[in-house]
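An overview of the molecular structure
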Amino acid sequence: MDLHEALKIALEAAAEPGRAAPMQAYMRDQFIFLGVAAPQRRMAARGLLAGLKGIDAGTLLEHAQRLWQQPQREYQHVALDMLALHWRQLDVEHIPALLGLARQRAWWDSVDGMAGIVGEVLQAAHQRGGDGHAHMDDALRHQDFWLRRIAMLHQLGWRADTDVAWLFDAALALAHEDEFFIRKAIGWALRDYARHAPEAVTTFANTHRQQLSPLSYREALKHQPP
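Figured I'd write up the structure that's included with this text. By convention here, each chain's residues receive numbers from 1 onward along its written sequence. Local features in this predicted model are restricted to residues of pLDDT 70 or higher, and side-chain atom pairs are both shown and tallied only at a pLDDT of 80 or more, whereas totals for entire chains, interfaces and linings draw on every residue. Water and hydrogen atoms play no part in the side-chain values, which are based on all heavy atoms of the structure.

1. Considering the environment of Leu-172
- Only DSSP runs of H or I reaching four residues or more are called helices, and only runs of E reaching two or more are called strands; each is numbered from the N terminus. Within the secondary structure, Leu-172 is located in helix α10 (residues 164-174).
- A C-alpha to C-alpha distance of 8.8 Å links Leu-172 and Ile-186, two positions 14 residues apart in sequence.
- Residue contacts follow a heavy-atom distance rule, with two residues in contact if any of their heavy atoms lie within 4.5 Å. The residues contacting Leu-172, other than those within four sequence positions of it, are Phe-204, His-208 and Gln-211.

Printed below as a string of C-alpha cells:
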C-alpha cells in the first residue's frame, strides 16, 4: 500500500472528531484538523515512518512536501515527525528545501518543529567540522519573519556546541523588531543557552537591556536567580 494512503487510513482511524474544533480554535482557525491528538498521531504513524529507514534525502523531502499539501494540519505534523526521525539522512545542502517547506502554511507549531530539525542537521555538520551558518545568516536577514525565528532558534539544545558570538549577535540583530514571535524567540534562545552558561547570558542580557524588548529580557532570565 502507498505510504500516504496508509497514513490517511491510520490517522482517520485515530481521529476523534470532537477534538477537531478545539484544535482548530487553538490555532486561531487557520487550519482544519482531523482531531488526532499528538500522542495518538505519533502512535498511528510510528510503524509507517519507521519503515522509511535508510530512505534517500530526495525521497524523504518528496514525502514531506506531499504531506504538507494535505489540508488537515495533522499531516504537516506527521511530516515533521518523519523528518525528525530520519534527519540523519539530511545534510547542510538540504537546509534550503527545509526552509522552503517551513514557509508553506507557516505558524509557530510547524516553524518551531522545523527549527528543531534544521538544528539537528546543522549541529551534526558542526560536530563534523562543517559550517552551515551561511544558511542561517541568510535566514536571519530574510523578509519572512518565520525564517528569522528559525534562525534564532536553531541552536536550541546545542549547549557546548553553541556558537555564542553568533547567538548574541543574532539576538541584537533582531532586538529592534516588534513581532511577538521574534521577541519570544530571542528570549527562548537565550534562556536555553543559560542552562549551559548562566553567567554569560545574564551578563549579555543586562549589558543590552535597553536594546532587548522587555519580553525578550524577561524570558532570557526567566530561570536565573534575581
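Still more ground to cover, so stick around.
2. Some details on the packing of aromatic side chains
- Between 30 and 60 degrees the pair is tilted, below 30 it is stacked and above 60 it is edge-to-face, where a pair is any two Phe, Tyr or Trp rings, Trp via its six-membered ring, whose centres lie within 6.5 Å. Across all of its chains, the model carries nine aromatic pairs by this definition.
- With a centroid separation of 5.3 Å and an interplanar angle of 75°, the aromatic rings of Trp-107 and Phe-181 are classed as edge-to-face. Of this pair, Trp-107 sits in the loop between α6 (95-102) and α7 (108-127) while Phe-181 sits in helix α11 (residues 180-194), placing them 74 residues apart in sequence.
- A 1.4 Å probe rolled over the protein chains alone gives each residue an accessible area, and that area as a share of the maximum for its type sets the label: buried under 20%, exposed over 50%, partly exposed in between. Given the relative accessible area of 11%, Trp-107 is considered buried.
- For Phe-181, a relative accessible area of 12% gives the class buried.
- A ring pair is formed by Phe-145 and Phe-181, whose centres lie 6.5 Å apart and whose planes are at 15°; its orientation type is stacked. Of this pair, Phe-145 sits in helix α9 (residues 145-153) while Phe-181 sits in helix α11, and the two are 36 residues apart along the sequence.
- For Phe-145, a relative accessible area of 22% corresponds to the partly exposed category.

3. Quick notes on unusual backbone geometry
- With phi around 55°, Arg-28 is a residue other than glycine that occupies positive phi space.
- By secondary structure assignment, the location of Arg-28 is in the loop between α2 (17-26) and α3 (38-50).
- With a phi angle near 50°, Arg-159 is a residue other than glycine that sits in the positive phi range.
- Along the polypeptide, Arg-159 turns up in the loop between α9 and α10.
- For Arg-159, a relative accessible area of 32% translates into the label partly exposed.

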